[in-house]
Amino acid sequence: PIEDIKELEEDSEVKIKGTISNIINTEKMAIIEVSDKNDSISVILFKDGEMSLEKGLNIEVQGKIREYKGEKEIIADEVRIENFKSPESNQSIDEG
């Protein structure tokens, strides 16, 4: 969970999964607010091309913990969009 990550030391390698609750794009980077059920954390992603990240997407972030103005954040090395199946597609049909 994100709340556990906030307890880690700076420079710790982390991997989190969550939902983009907010995103601010600048010319050189994106500041992504990633949320799970209990908490949220800022993820800084330096751009090296076009990204199609938007609010509501489920993502996995790998990176390092940094502290900025007293708050923990993640400097992303890698961001992947997760493809979650909708619950309907997971139901099996029992042909009795």
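Figured I'd write up the structure that's included with this text. Owing to the predicted nature of the structure, the values given are computational and were not obtained by experimental measurement.

## Here we look at the pattern of salt bridges
Here is step 1 of the chain: By the definition in use, this model includes seven salt bridges.
Here is step 2 of the chain: We note a salt bridge from Glu13 to Lys64, for which the minimum N-O separation is 3.4 Å. Here the residue Glu13 occupies a position in strand S1 (residues 13-25), and Lys64 occupies one in strand S4 (residues 58-68), the gap between them amounting to 51 residues.
Here is step 3 of the chain: The class of Lys64 is partly exposed, set by a relative accessible area of 30%.
Here is step 4 of the chain: Salt bridges here are not isolated pairs; linked through shared partners, they connect Lys17, Glu60, Arg80 and Glu82.

## Quick look at a negative patch on the surface
Here is step 1 of the chain: A cluster of like negative charges, contributed by Glu9, Glu10, Glu67 and Glu71, occupies part of the molecular surface.
Here is step 2 of the chain: Structurally, Glu9 is set in the loop between helix H1 (2-5) and S1.
Here is step 3 of the chain: Residue class for Glu9 comes out exposed when judged on its relative accessible area of 63%.

## Description of unusual backbone geometry
Here is step 1 of the chain: The phi torsion at Asp11 lies on the positive side, around 75°, for a residue other than glycine.
Here is step 2 of the chain: Relative to the helices and strands, Asp11 is located in the loop between H1 and S1.
Here is step 3 of the chain: A residue is classified by how much of its surface remains accessible, and Asp11, at 45% relative accessible area, is partly exposed.
Here is step 4 of the chain: Positive phi outside glycine occurs at Lys69, with the angle close to 50°.
Here is step 5 of the chain: On the basis of relative accessible area, Lys69 is assigned to the exposed category, the value being 73%.

## Focus on the environment of Val34
Here is step 1 of the chain: Summarising the element assignment, Val34 is placed in strand S2 (residues 29-35).
Here is step 2 of the chain: Given the relative accessible area of 0%, Val34 is considered buried.
Here is step 3 of the chain: Considering only alpha carbons, one finds Val34 and Leu57, 23 residues apart in sequence, at a separation of 9.6 Å.

## Focus: the nonpolar core
Here is step 1 of the chain: By size, the foremost hydrophobic cluster in this structure holds 18 residues, and its most contacted members are Ile16, Ile32 and Ile74.
Here is step 2 of the chain: Broken down by secondary-structure element, the contributors of at least two residues to this core are H1, S1, S2, strand S3 (40-46), S4 and strand S5 (71-81).
Here is step 3 of the chain: By residue number, the principal contributor to this core is S1, which donates four residues.
Here is step 4 of the chain: Once you skip the residues sitting within four places of it in the chain, Ile74 turns out to touch Ile5, Val14, Ile16, Ile41, Ser42, Val43, Ile44, Val61, Gly63, Lys64 and Ile65.

The rules we used
- Residues numbered from 1 in each chain as written.
- Predicted model: local features only at pLDDT ≥ 70, side-chain atom pairs only at ≥ 80, totals over all residues.
- Heavy atoms only, no water.
- Salt bridge = Lys/Arg side-chain N within 4 Å of Asp/Glu carboxyl O.
- Helix = DSSP H or I, 4+ residues; strand = E, 2+ residues; numbered from the N terminus.
- Buried < 20%, exposed > 50% of the residue type's maximum accessible area, 1.4 Å probe, protein only.
- Patch = residues over 30% accessible without salt bridge, like charges linked within 9 Å, V, L, I, M, F, W, Y side chains within 5 Å.
- Areas by Shrake-Rupley, 256 points an atom, 1.4 Å probe, with all protein chains shown as cover.
- Lys, Arg positive; Asp, Glu negative; His and termini not counted.
- Charge placed at Lys NZ, Arg CZ, Asp CG, Glu CD.
- Core = buried A, V, L, I, M, F, W, Y, C linked by side-chain atoms within 4.5 Å.
- Contact = heavy atoms within 4.5 Å.

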